[in-house]
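# Working through the structure, step by step
The primary structure of each chain is shown beneath.
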Amino acid sequence: MEKLQYISQGFTIEDQELNIRKAIDNGIKWIQVRWKNAPENELIKLCEISKKICSDNQTFCIINDHIHIAKMVDADGVHLGLKDEKIAAARQILGKHKIIGGTANTLEDILQRIDEKCDYIGLGPLRFTSTKEQLSPILGFEGYEKIIEELKSKSLEIPKIFAIGGVVLKDIELLQQIGIYGAAVSSQITNQPSIINKFKIAMQ
């Protein structure tokens, strides 16, 4: 599984598509299409475009929140928040070969996601981020460390955890030392797509 995800940004379909294309042109191999508060017909159109661009460039295309749209456009999977539809429902609709990720904010959430058999977990936020309207309590590096230590103390296999929420390049080394698998990055890649290669090198 790729270690770096780009969570798409943009207030219009044109902005979203442009940012996704730039990320792919700069070597990203995993796009999570996220466009909150978009009209559904526009969102479907963006997801169709994104799936085609991703397929043409051997890039994973994951849809944020919307299981039915992920099914409709034959995306590679879906990412679900804690208040979204259930993981079991997504598995039933999308089938066992699709990637299903889930958000977590606490150890209890992580244990729930393990129990639900998520393929990966987006744990965060690392720090304040303006890309989320309803931000969960901020974890910081100490929060990640504590959760990983508690998982180890329970003798549980550490799942594929992606840091989310304000992650920047300089965080990667410490996150990896803590035992975090990867990162989902939004603003820094949107603003500076050429940084993708530096992220990949840092994650090797």
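In this report, we go over the structure that sits alongside the text. (Residues numbered from 1 in each chain as written. Predicted model: local features only at pLDDT ≥ 70, side-chain atom pairs only at ≥ 80, totals over all residues. Heavy atoms only, no water.)

Tallying secondary structure elements over the protein chain gives nine helices and eight strands in all. The C-alpha radius of gyration computed for the protein chain amounts to 16 Å, which stays within 12% of the reference 17 Å derived for 204 residues, consistent with globular compactness. Reported as C-alpha extents along the three principal axes, the dimensions of the protein chain are approximately 45 × 40 × 30 Å. Buried positions account for 48% of the 204 residues belonging to the protein chain. Look at the contacts in the protein chain between residues 6 or more apart in sequence, and 53% of them connect residues 24 or more apart. In the protein chain, 26 positive and 27 negative side-chain charges are present, and the distance between their average locations comes to 3 Å. (Helix = DSSP H or I, 4+ residues; strand = E, 2+ residues; numbered from the N terminus. Rg over C-alpha atoms; globule rule 2.2 N^0.38 Å. Buried < 20%, exposed > 50% of the residue type's maximum accessible area, 1.4 Å probe, protein only. Contact = heavy atoms within 4.5 Å. Lys, Arg positive; Asp, Glu negative; His and termini not counted. Charge placed at Lys NZ, Arg CZ, Asp CG, Glu CD.)

What follows covers the packing of helix H5 (residues 107-115) against helix H6 (residues 140-153). The geometry of H5 relative to H6 is characterised by a closest axis approach of 10 Å and an angle of 50° between their N-to-C directions. Relative to H6, H5 is oriented oblique. By crossing handedness, the relation of H5 to H6 is classed as right-handed. Contact residues: H5 offers Leu-107, Ile-110, Leu-111 and Ile-114, while H6 offers Ile-147, Glu-150 and Leu-151. (Axes fitted to C-alpha atoms, helices over the stretch in contact; angles between N-to-C directions. Parallel < 35°, antiparallel > 145°, perpendicular 65-115°, else oblique. Left-handed = near helix turned anticlockwise from the far one by under 90°.)

The next point concerns the side chain of Thr-59. Secondary-structure assignment places Thr-59 in the loop between helix H2 (40-56) and strand S3 (60-64). Among the polar contacts made by the side chain of Thr-59, one reaches the main-chain carbonyl oxygen of Ile-28 at a distance of 3.5 Å. Within the local environment of Thr-59, its side chain forms a polar contact with the backbone oxygen of Asn-57, the two atoms lying 3.0 Å apart. Ignoring anything within four residues of it in the chain, the contact list for Thr-59 reads Ile-24, Ile-28, Lys-29, Trp-30, Ile-31, Cys-54 and Asp-76. (Polar contact = N/O pair within 3.5 Å; in protein donor to acceptor, adjacent residues only side chain to side chain.)

So, on to the nonpolar core. Counting 56 residues, the largest nonpolar core has Ile-28, Ile-31, Tyr-144 and Ile-189 as its most contacted members. In this structure Tyr-144 touches Leu-123, Gly-124, Pro-125, Leu-126, Leu-139, Ala-163, Ile-164, Leu-175, Ile-178 and Ile-180, once residues within four positions along its chain are discounted. Judged by nonpolar contacts, the second largest core, of five residues, contains Trp-30, Ile-62, Tyr-120 and Phe-162. (Core = buried A, V, L, I, M, F, W, Y, C linked by side-chain atoms within 4.5 Å.)

Turning to H2, a few remarks are in order. Counted at 1.5 Å a residue, the expected span for H2 with its 17 residues is 24 Å, and the 24 Å between its end C-alpha atoms agrees. Taken together, the buried positions of H2 are Leu-43, Ile-44, Leu-46, Cys-47, Ser-50, Lys-51, Ile-53 and Cys-54. Packing partners of the buried residues in H2 comprise helix H1 (13-25), strand S2 (30-33), S3 and helix H3 (67-72). Of the residues trailing H2, Gln-58 is marked for its positive phi of about 50°. (Expected span 1.5 Å × (residues − 1).)

Structural measurements only, silent on function.
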